[in-house]
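# Structure assessment
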Amino acid sequence: MELLFEQIISGLATVGYAVVPKFLGSDLTGQLLSENHSGFEGGRFHTAGVGRGNGHAVRNEIRTDAVDWLDPQNLSEALAIYWQRMEDLRMAINQQLFLGLVSFEAHLARFAPGGFYLPHLDRHREAGGSARILSTVVYLDQDWRPEIGGQLRLYTDPGAGVNGPSIDIFPDAGQLVVFLAAEFWHEVCVSTRERCSITGWFRGREIDPMLF
Ligand code: OGA
Ligand code: MN
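Residues numbered from 1 in each chain as written. Chains lettered and ligands numbered in written order. Predicted model: local features only at pLDDT ≥ 70, side-chain atom pairs only at ≥ 80, totals over all residues. Heavy atoms only, no water.

For the protein chain, the count of helices and strands is three helices and eleven strands. Compactness check: the protein chain gives a C-alpha radius of gyration of 16 Å against a globular reference of 17 Å for 212 residues, within 12% of the reference. Viewed in the frame of its principal axes, the protein chain has a C-alpha envelope of about 45 × 40 × 35 Å. Put simply, 78% of the contacts in the protein chain that link residues at least 6 apart link residues at least 24 apart. Accessible surface computed for the protein chain: about 10300 Å², of which carbon and sulfur atoms make up 53%. (Helix = DSSP H or I, 4+ residues; strand = E, 2+ residues; numbered from the N terminus. Rg over C-alpha atoms; globule rule 2.2 N^0.38 Å. Contact = heavy atoms within 4.5 Å. Areas by Shrake-Rupley, 256 points an atom, 1.4 Å probe, with all protein chains shown as cover.)

Shown next as structure tokens:
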């Protein structure tokens, strides 16, 4: 199996997350960045919200990013390559870790300068029907420097959450971060520059809460 996939699987199996520089090549990353820009300029992004169902609302004090959900039936050439790579990863993970990942969903994301996303989990442990198992983020911006901010702060001890240790991951072009969606608190620190990425989730089987 591909070395990068092995690294991701062993990271997930040991600490529950993996950080993989150069997961996507620079040509593909550049193409995805320009599609992110043109999608935003073309008005296809909308301000992201928080919460599920009737509780869903735009909350600019919690997160400021704008997103464009991908339709797997209608992808550009570059996004189709991204999607296939994530599908290959999904199948490799299933073979080795038996996480039962049955589907993938993803959106383009853009934080305007000054943007952030406060600490959160991508899936609440008690949420019955939700089935996000793994969170994934691929970063698209070239020449990121630490003084720009915008790092992903990942709290590495699920038991301690935001009171425990954390690592800062700067959004370097082509880098992938993967982590267990229900376990790891994380935040996007304030970025002084526009920050573009593709965020995706591998999902498990949906369980109908009416069955319980
Ligand atoms: C998210 C998120 C992290 C990042 O979209 O839920 O936490 O680094 N993104 O963009
Ligand atoms: Mn998140």
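The structure having been displayed, the exposition proceeds.
If you walk across this open sheet you meet the four strands as S5-S10-S7-S8, and the pairing is antiparallel. Only two strands of the sheet have a single partner each, and these edge strands are strand S5 (117–120) and strand S8 (166–169). The sheet shows a mean angle of 10° between the axes of neighbouring strands, taken without regard to direction. Strand direction decides the pairing type here: strand S7 (residues 152–155) and strand S10 (residues 186–188), joined by three bridges, are antiparallel. Residue pairing in the sheet places arginine 153 in a bridge with glutamate 187 of S10. (Pairing = 2+ DSSP bridges. Axes fitted to C-alpha atoms, helices over the stretch in contact; angles between N-to-C directions.)

Within the largest apolar cluster, 36 residues are counted, with the highest numbers of intra-cluster contacts made by Ile8, Phe23, Leu32, Tyr82, Leu89, Leu176 and Ile198. Those elements giving two or more residues to this core turn out to be helix H1 (3–14), strand S1 (17–20), helix H2 (26–41), helix H3 (77–97), strand S4 (103–111), strand S6 (132–139), strand S9 (176–180) and strand S11 (195–203). Sort the elements by how many residues they give to this core and H3 lands first, with eight residues. Among all residues touching leucine 176, those that are not within four sequence positions of it are Ile8, Ala18, Val19, Val20, Phe23, Met86, Leu89, Thr136, Val137 and Val138. (Core = buried A, V, L, I, M, F, W, Y, C linked by side-chain atoms within 4.5 Å. Buried < 20%, exposed > 50% of the residue type's maximum accessible area, 1.4 Å probe, protein only.)

It is possible for side chains bearing opposite charge to pair when their charged atoms get close. Counting across every chain of the model gives nine salt bridges. In this structure, arginine 90 and glutamate 87 form a salt bridge, with 2.9 Å as the shortest nitrogen-oxygen distance. Placement of the pair is arginine 90 and glutamate 87 together in helix H3, with a separation of three residues, close to one helical turn. On the basis of relative accessible area, arginine 90 is assigned to the buried category, the value being 12%. Among the charged side chains, a network of salt bridges with common partners joins Glu105, Arg132 and Arg203. (Salt bridge = Lys/Arg side-chain N within 4 Å of Asp/Glu carboxyl O.)

This brings us to the coordination of the manganese ion (ligand 2). Taken together, the protein donors to the manganese ion (ligand 2) comprise His120 (NE2), Asp122 (OD) and His186 (NE2), at separations of 2.1 Å. Sequence spacing of the donors to the manganese ion (ligand 2): H-x1-D-x63-H. In this pair, histidine 120 is assigned in strand S5 and histidine 186 in strand S10, connecting sequence segments 66 residues apart. One exposure class covers both histidine 120 and histidine 186, and it is buried. (Donors = N, O, S within 2.8 Å, 3.2 Å for Na, K, Ca; no water.)

The seven strands lie next to each other as S1-S9-S6-S11-S4-S3-S2, forming an open sheet whose pairing is antiparallel. What marks the edges here is a single partner per strand, and that holds for S1 and strand S2 (46–47). Pairing analysis gives five bridges linking S6 to S9, with the strands arranged antiparallel. Note on S9: the bridge partner recorded for threonine 136 is valine 178. Across the sheet, H2 touches strand S3 (66–69), S4, S6 and S11, and the angle it forms with S11 is around 100°. Sheet strands touched by H3: S4, S6, S9 and S11. Its angle to S4, the strand with the most contacts, is close to 130°.

Tracing the sequence through the fold places arginine 132 in strand S6. Of the polar contacts made by the side chain of arginine 132, one reaches the side chain of glutamate 105; its length is 3.0 Å. (Polar contact = N/O pair within 3.5 Å; in protein donor to acceptor, adjacent residues only side chain to side chain.)

What follows deals with the pairing of S6. Where a strand is regular, its side chains alternate between the two sheet faces. Counting buried residues along S6, eight of its eight residues qualify, which places the element largely inside the surrounding structure. Of the pairings in the sheet, the one linking S6 to S11 comprises seven bridges and is antiparallel in character. Note that in S11 the partner of tyrosine 139 across the bridge is serine 197.

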